[in-house]
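Topology and contacts: notes
Residues per chain, in single letters:
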Amino acid sequence: MEAVQDLPPGTAPGLRTKSQLQRRRRILQAAAALASRGGVEAMQMRTVAERAGVALGTLYRYFPSKMDLVVAVVGEELDMLESSIARRPPSATTPDGRAVDVLMRATRGLMREPELADALIRALILADVELPFGDRMAGLLVRVAGLSDGRATEEQGVLAASLGAVWVQELLEMLRGRRTYEDIQRRIEIAASRLLAEFPTSRVE
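Note that the structure is predicted; figures quoted are calculated from it, not measured.

**Here's the deal with helix 1 (residues 18-38)**
Across its 21 residues, helix 1 extends 30 Å between first and last C-alpha, which sits within 8% of the 30 Å expected from 1.5 Å per residue. Glycine 39, located one to two residues past helix 1, shows a positive phi value of around 75°.

**Observations concerning the pattern of salt bridges**
Applying the stated rule across the entire model yields 10 salt bridges. Here arginine 25 ties to glutamate 76 by a salt bridge, and the two come within 2.6 Å at their closest N and O atoms. Here the residue arginine 25 occupies a position in helix 1, and glutamate 76 occupies one in helix 4 (residues 66-87), the gap between them amounting to 51 residues.

**Some words on the packing of aromatic side chains**
If you walk through the whole model with that rule in mind, you get 1 aromatic pair. Ring centres of tyrosine 62 and phenylalanine 63 lie 6.4 Å apart, and the angle between their planes is 35°; on these two criteria the pair is classed as tilted. Among the residues examined, tyrosine 62 registers a relative accessible area of 0% and is labelled buried.

**Quick notes on the nonpolar core**
By size, the foremost hydrophobic cluster in this structure holds 60 residues, and its most contacted members are Ile27, Leu69, Met137 and Trp167. A domain split of this core shows at least three residues from each of domain 1 (16-64) and domain 2 (66-196). In contact with isoleucine 27, not counting residues within four places along its chain, are Val48, Ala52, Val54, Leu59, Tyr62, Phe63 and Leu69.

**Details of helix 9 (residues 181-195)**
Relative to the 21 Å expected for 15 residues at 1.5 Å per residue, helix 9 spans 21 Å between its end C-alpha atoms, a close match to the ideal helical length. Looking only at helix 9, the buried set comprises Ile184, Ile188, Ala191 and Ala192. One side of helix 9 holds all its buried residues, which, seen down the axis, span an arc of 100°. Every exposed residue of helix 9 that faces more than 90 degrees away from the buried side is listed here: Glu182 and Arg194. Among the structural elements, helix 5 (95-111) and helix 8 (154-175) are those in contact with the buried residues of helix 9.

**Regarding the layout of surface pockets**
Taken as a whole, the largest pocket encloses approximately 530 Å³ of empty space. Taken together, 28 residues make up the lining of the largest pocket; nearest its centre are Glu77, Met80, Leu81, Gly109 and Leu110. For the lining of the largest pocket, the secondary-structure elements that each account for two or more residues are helix 1, helix 4, helix 5, helix 6 (114-126) and helix 7 (133-144). Take the lining of the largest pocket: its biggest share by element is 9 residues, from helix 4. Taken together, the residues of the lining of the largest pocket break down into 17 nonpolar, 3 polar and 8 charged. Counting contributing residues per domain, the lining of the largest pocket is built from domain 1 (16-64) and domain 2 (66-196), each supplying no fewer than three.

Conventions and cut-offs
- Residues numbered from 1 in each chain as written.
- Predicted model: local features only at pLDDT ≥ 70, side-chain atom pairs only at ≥ 80, totals over all residues.
- Heavy atoms only, no water.
- Helix = DSSP H or I, 4+ residues; strand = E, 2+ residues; numbered from the N terminus.
- Expected span 1.5 Å × (residues − 1).
- Salt bridge = Lys/Arg side-chain N within 4 Å of Asp/Glu carboxyl O.
- Phe/Tyr/Trp six-rings, centres within 6.5 Å; stacked < 30°, edge-to-face > 60°.
- Buried < 20%, exposed > 50% of the residue type's maximum accessible area, 1.4 Å probe, protein only.
- Core = buried A, V, L, I, M, F, W, Y, C linked by side-chain atoms within 4.5 Å.
- Domains from an automatic or database assignment.
- Contact = heavy atoms within 4.5 Å.
- Arc of directions from axis to C-beta.
- 1 Å grid on protein atoms, 1.4 Å probe; cavity = no way out; pocket = protein on both sides within 12 Å on 5 of 7 lines; lining within 4 Å.
- Points joined across faces, edges and corners; volume = space filled by probe spheres on them.
- Nonpolar A, V, L, I, M, F, W, Y, C, P; charged D, E, K, R; others polar.

Shown next, in the form of structure tokens:
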């Protein structure tokens, strides 16, 4: 769960000012830039604050802990992936083909910054706080498979989440040098064809 305390107590979230949004964006950009060069260990709160040009106390008002900051960076990566999918939906004709398209697109995006990818993946696996990644990725896979969230059964949601978990593990293996991009694509294709076999083959509008 993302913890953002960037407004005075009692202020409605919808009243967040433009300057506050810009400050939050600078903080996340600074954190991601540091992680891209040195992993989670480089995301020291004081260093993030200095790079973002904010006081340390201000940073802690937005993100009370380093893990809250990591959670927010993960959320930003998901926002970018979802925007990419909205602009250019996968064109495959089968649910598993569309899911593979999304996951490999996410792989290419993350691997442009391997240190950042490593930091985020390790955070997903080791975090002691709830991260939004699993549910959001499962929901995205369900949607691109051709089902709205309301039409997906519990079993389909679990299967989509399982495919997302397979992808995370495969990406970690790639970051460790044990998989190539081609390896991941082949393995994700196999997993998707099995896990999404019961999804309807045509899109549900």
